[in-house]
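# Chain and residue survey
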Amino acid sequence: MRHKVEIIKELERKASIARQEVVKMTSNANSGHLGGSLSCIEILVALYFHQLKHDPKNPSWAKRDRFILSKGHAAPALYAILALRGYFPKEELSSLRKINSRLQGMPDNRKTPGVEVSTGSLGQGLSVALGMALGFKLAGRKNHVYALLGDGELDEGQIWEAAMFASARKINNVTVFVDRNYGQNDGRTEEVLSIEPIVSKWLACGWNVFEVNGHNIKEILDVLDRSMENRSKPTILIAKTVKGKGISFVENKHEYHARPLPRELVNQAIAELEKR
Ligand SMILES: Cc1ncc(C[n+]2csc(CCOP(=O)(O)OP(=O)(O)O)c2C)c(N)n1
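Only a predicted model underlies this, so the values are computations on that prediction, with no experimental measurement involved. (Residues numbered from 1 in each chain as written. Predicted model: local features only at pLDDT ≥ 70, side-chain atom pairs only at ≥ 80, totals over all residues. Heavy atoms only, no water.)

From N to C terminus, the protein includes 10 helices and seven strands. At 17 Å, the protein has a C-alpha radius of gyration in line with the 19 Å of a compact globule built from 276 residues. Across its three principal axes, the protein shows a C-alpha extent of roughly 50 × 45 × 40 Å. Relative to its full complement of 276 residues, the protein shows a buried share of 55%. Within the protein, counting contacts between residues at least 6 apart in sequence, those at least 24 apart form 75% of the total. Total accessible area computed for the protein in this model is approximately 12,000 Å², and 50% of it derives from carbon and sulfur atoms. (Helix = DSSP H or I, 4+ residues; strand = E, 2+ residues; numbered from the N terminus. Rg over C-alpha atoms; globule rule 2.2 N^0.38 Å. Buried < 20%, exposed > 50% of the residue type's maximum accessible area, 1.4 Å probe, protein only. Contact = heavy atoms within 4.5 Å. Areas by Shrake-Rupley, 256 points an atom, 1.4 Å probe, with all protein chains shown as cover.)

Inside soluble globular proteins, nonpolar side chains tend to come together where they are buried. Counting 58 residues, the largest nonpolar core has Tyr 48, Phe 67 and Leu 261 as its most contacted members. With sequence-adjacent residues up to four places away left out, Leu 261 is seen in contact with Val 23, Ser 27, Leu 34, Ile 247, Phe 249, Val 250, Tyr 256, Val 266 and Ala 269. Ala 163, Cys 205, Ile 236 and Ile 238 belong to the second largest nonpolar core, which has 28 residues in total. (Core = buried A, V, L, I, M, F, W, Y, C linked by side-chain atoms within 4.5 Å.)

Let us now look at the pattern of salt bridges. Should their charged atoms come close, side chains of opposite charge can pair. Scanning all chains against the criterion turns up 17 salt bridges. Notably, a salt bridge pairs Glu 92 with Arg 102, separated by 2.7 Å at the nearest N-O pair. In this pair, Glu 92 sits in the loop between α4 (75-85) and α5 (125-138) while Arg 102 sits in the loop between α4 and α5, placing the two residues 10 residues apart along the sequence. One connected set of salt bridges, linked through shared partners, spans Asp 151, Arg 180, Glu 190 and Glu 196. (Salt bridge = Lys/Arg side-chain N within 4 Å of Asp/Glu carboxyl O.)

All right, on to the side chain of His 73 then. Within the fold, His 73 resides in the loop between β1 (66-69) and α4. For His 73, a relative accessible area of 13% puts it in the buried group.

Another point: the side chain of His 257. Its location among the elements puts His 257 in the loop between β7 (235-240) and α10 (266-275). Look at His 257 and you get buried, because its relative accessible area is 9%. At a separation of 3.1 Å, a polar atom in the side chain of His 257 contacts the side chain of Asn 185. Among the polar contacts listed, one links the side chain of His 257 to the side chain of Lys 243, at a separation of 2.7 Å. Setting aside residues up to four positions removed in sequence, His 257 forms contacts with His 33, Leu 34, Gly 35, His 73, Gln 184, Asn 185 and Lys 243. (Polar contact = N/O pair within 3.5 Å; in protein donor to acceptor, adjacent residues only side chain to side chain.)

Turning our attention to the sheet that holds strand β2 (residues 145-150). Within the open sheet, the five strands sit side by side as β1-β2-β3-β7-β6. Their pairing is parallel. In this open sheet, the two strands that pair with only one neighbour each are β1 and β6 (208-213). Between one strand axis and the next, the sheet turns through 20 degrees on average, direction left out of account. (Pairing = 2+ DSSP bridges. Axes fitted to C-alpha atoms, helices over the stretch in contact; angles between N-to-C directions.)

Here you go:
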């Protein structure tokens, strides 16, 4: 077993704390996307606390890997992780969505340390990631580019143009996660616009495809390791997740896509998250 149990436990603890921060900051702002922030926490923990080469004290370090939150509405999750990782003080999380705050509703790379690309308009992050990754390859640089897409985001046509471009140009220094939580803005993904069969679609576009439990940090780290071996193609990890993960009365509840918890439920939510 390559990843030690104690390290996994520590990362799981980080995930619990990050979820609590997401709940608190969105309720405090009385605004923000709760469900899709809670579903991608373990992916972000695995990346920022283990996988990425980066330096929170020097966010513009030239040799750093890049991460692009293409599903930009999950900004609260990214902010929680960046704060826990030391990019800015944790206290700043309470300024989410306030006027003049560095933590706007969607990630803004001109404002927030650690945010690489401004996102929020779905469908664009993958193209940006591929442009960066191709640039690194052409320059003979070793930087790796990671991106996180929503499953509803796969409805965007630009994603499929990018998918074909990546394999045509053999962009093998990019790793993309899909947060497969089966929900999007207006309901279940399969009801809005079915994206299945998702694995064979990406295979047909010439990608390496892996499926993983997106709440199991050990599995995520293992699949990241495996995905790096003999890499000749772009790689996508379909992470099965639960929208609103960690809070029983939020899980799979469509109404919490773009809404925070009412303040009177915050303590109950924190108590549930604390037990995990
Ligand atoms: C181009 C564009 N169209 C519409 C929206 C509005 N919108 C915000 S979130 C969302 C649903 C996204 O679903 P998914 O990618 O599955 O996100 P998750 O469920 O993980 O939060 C939509 C349509 C947007 N941000 N960008």
